Structures are given as C-alpha cells and as structure tokens.
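In case you want the letters, here they are:
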Amino acid sequence: MNGMPRIDYNKTPFVLIWETTQACDLTCRHCRAAAQPNHHPGELTTEEGEDLLRQAAELGTPIFILSGGDPLKRADLFHLIRYGADLKMRMATVPAATPLLTEDVVRKLKESGLSQMAQSVDFPRAELHDSFRGVPGAFARSMQAIEWAHKYHLPVQINTTLCGQSAPYLEDMVNLVQRLGIVFWEVFFLVPMGRGVDLGGLTAAQCEEIFAVLYRVQKNSRFLVKVTEAPHYRRYVAQCEMEEKAEPRRPHGPVDDLPSQLIRTEGPGHSIGLAVQGVNSGQGFAFVSHTGDVYPSGFLPASAGNLREHRLKSMYQDSELFRQLRRPHEFKGVCGICEFNKICGGSRSRAFALTGDYLESDPWCVYRPATKSIAGKGAASSPA
Ligand code: SF4
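Residues numbered from 1 in each chain as written. Predicted model: local features only at pLDDT ≥ 70, side-chain atom pairs only at ≥ 80, totals over all residues.

A. Expanded view of the overall build of the protein. Helix and strand counts for the protein stand at 12 helices and 10 strands. Here the protein has a C-alpha radius of gyration of 20 Å; the compact-globule value for 384 residues is 21 Å, and the two agree. In terms of principal-axis extent, the alpha carbons of the protein reach across some 60 × 45 × 40 Å. Here the analysis covers contacts within the protein between residues at least 6 apart in sequence; of these, 71% occur between residues at least 24 apart. (Helix = DSSP H or I, 4+ residues; strand = E, 2+ residues; numbered from the N terminus. Rg over C-alpha atoms; globule rule 2.2 N^0.38 Å. Contact = placed C-beta atoms within 7 Å.)

B. Structural view of the site of the ligand. Contacts to the ligand come from 14 residues, most closely from Cys335, Cys338, Cys344, Gly346 and Cys365. Secondary structure elements with two or more residues in the shell around the ligand: helix H8 (232–244) and helix H11 (333–337). A class-by-class count of the residues in the shell around the ligand yields seven nonpolar, five polar and two charged. (Near = placed C-beta within 6 Å. Nonpolar A, V, L, I, M, F, W, Y, C, P; charged D, E, K, R; others polar.)

C. Fine view of the pairing of strand E6 (residues 184–189). With respect to burial, E6 is a largely interior element, five of its six residues being buried. Where strand E5 (residues 156–162) lies against E6, six bridges are found, and the strand directions are parallel. Within the sheet, the bridge partner assigned to Asn159 lies in E6 and is Glu186. Handedness of the crossover joining E5 and E6 through helix H6 (residues 170–179) is recorded here as right-handed. In terms of strand pairing, E6 meets strand E7 (residues 224–228) through five bridges, oriented parallel. Bridge pairing in E7 links Phe184 to Leu224. (Buried ≥ 20, exposed ≤ 12 C-beta atoms within 10 Å, placed from the backbone. Pairing = 2+ DSSP bridges. Right-handed = clockwise from strand over helix to strand, strands pointing away.)

D. Up close: unusual backbone geometry. Cis geometry is found at the peptide bond from Gly68 to Gly69, where omega equals 20 degrees. Locating Gly69 in the fold gives a position in the loop between strand E2 (63–67) and helix H2 (77–86). Despite not being glycine, Glu229 shows a phi value in the positive range, around 60 degrees. Structurally, Glu229 is set in the loop between E7 and H8.

Below, the structure written as structure tokens:
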C-alpha cells in the first residue's frame, strides 16, 4: 500500500483491534484485559473471527490488529492472519514473550502475511521489565523475537507503556528502541483500569515533558512514533510547529488539520503508517473483545453491542455511543471548547477512568483554551 488515504471516520475505522483471547501466560501489572492462562468459553470462534474480518474489510478498514491476551494461545492465529491479508488488510499482532514465541512461530507469522509484529517492552533493562511483566526472562525473549523477525524480514514494532514507574526511564528506553531496528514505536499512556489501577499515574505537566522527548525522537528517527491514549500529543506537536513558524501557540480559531510531523503514512520498508486524520476512541478506531463486544477503545468499558447480535457497521456508524465520540465540540469542560479538539479531543478512556464520564475533559492535559476566543463558554485562563 502506498501511503494511507484520507478516510471518513463516520463510516470506517482506520484501525480495528480484535482481542482474540484473554488467555495469556504473562501477568503484566498494567494489563487491561486482566489476562489469565485459560480461554474464556465464550471466545469468538474461528468462523466468527472470519466473519469479523470480512465485516471490517467491507467497511474499508486498512489496519487490523490481532491482540490479546496472547494471540499465540489461539490455534487458528496463522489462519486468521492469512484470511485478513487475503482481504487486503494490513495485519499486525502482538504475541506475548513466552516460550510459545519461537523462531518457527515468527517465520510462520511472516509466511501467513503478517505486516508487522509488535513486542511490548516497557523498561530498558531486563530486571525492571520482567518484574513489570510478571515473568522472568520476558525481556530476553522479546529481544530474541526481534532478532528472528529481522531474520525473516518481518517489520518490528515496540509497544511501551508509560506510567509513574516507567516514565523515569524514558531516555534510556529511547536509546534502546533506537538500537533495535524497529519501524514503529507505539507509546501508550497509562489508563488506570484493569490491573493498571494499582500503578502510578502521570501528571499533566509530566505528559508535556514526555511529549518533548517524543517530539525530539520523532523528528530525528526513521521509525514512526505513535502515541496512544494521549491525543493531546497532537496539540503539543501542533503548538511546536506554530512556534517554529513564529505563530502564536494559542490559535485564533479551531485547528482542523494534523501537524505535518504526524502525517507519515508509511514507515521504513513500506511498513504500517500513521493516519492522515487524528484517531481517537470511536473516531477511526474500534475494539472488539474476545467475546464479541464492540467498544470505542479497549480502555473504555462502554459497549455499542455484541457481534453475535449486531453488525459491526451499524454499531460503528450508527450507535449513539460512537456518534457522540465523533462530536468533540459536545465534550464537557475544556475539551469541549478547546481549539484543538478536532485533532485531539483528549483521552476519552482516561476521562472515564478518572471522572466516571467519558465525555469529561482529559485530566492529564495542561492546555486551557483562550477565554476571549470562546465567548460565553467560560474557559479558564491558560497555563499552557
Ligand atoms: S483540552 Fe482536551 S482537546 Fe484540548 S488539547 Fe487538552 S486534551 Fe486535547
């Protein structure tokens, strides 16, 4: 695929993630899925998975991610990858770093038509990472899997979760990922849910410091940097670009287009790119649970229904839940009146996790819109 086209997010998810199973032999401290060793008896079957892949392809979804749990716990993983690739979707997966992840498995992932394999690496050192993931040897296994992926020319993505525990090691993580020959670095900002409620969160000010590091890395690296559950990174980058053009960091009106640094539609070697428009919960994105429930995000426990009863198309396009999330001007608090809300909108998942209302403002953002540009809406003055 040469680049990513502009997509109408009212009709089509840019990315669809299917949590193929909750089964996993790791016990990661931040696990959204609260994974466990055994399969849930109500997990979607192979035929139901094929149907989901067909429905996603019919909607025009370009990127389909098979997540978990550990996707390698499913015997039909290679079949599902081939099935999705034959439907012309870019297929990606994130196998857990356990003894199930062997060289033979990595070779078969490539042969099945996988476009990109992700490995989760949260800390730059083995002892820290293994303690976070709950299994000794997880770091070494991930490093080994990355080598195998290079051997079989399978593009590699690293997923890193930033929270109070991992953020202090960010510069060392940057040094590590720059040595690993990856095409894509996905940085997740913690949403305190599942086992993650016990982890240390970040402050809005810390997020800005982290954004500065990620922006520097993004400008100076061949691999793509994708930020997940911190869409205000797009506001940060837009403000940096305004400053570079000697424009005010606080715009006079709504900002409609993503900053140019974020429009990189392909990674090295034609690997998976970034969306041309900002993706957020329910806006270019949908998540399907292991039992078929459809959510706007894997971190936002509000469902539009189940695949066993409704079509993906109707839930994504027509449910009030998804439609509401595509109307950022109706969000509450500062996110609703922010000049950047079309390209940002705040993390709806974090708003829900920390306030109980997914339409509330994202508490981890420092930005305050200009009062004078938002007559009658009563915005606070800005520290940003
Ligand atoms: S106030 Fe909300 S919409 Fe505006 S930049 Fe912050 S998180 Fe994004």
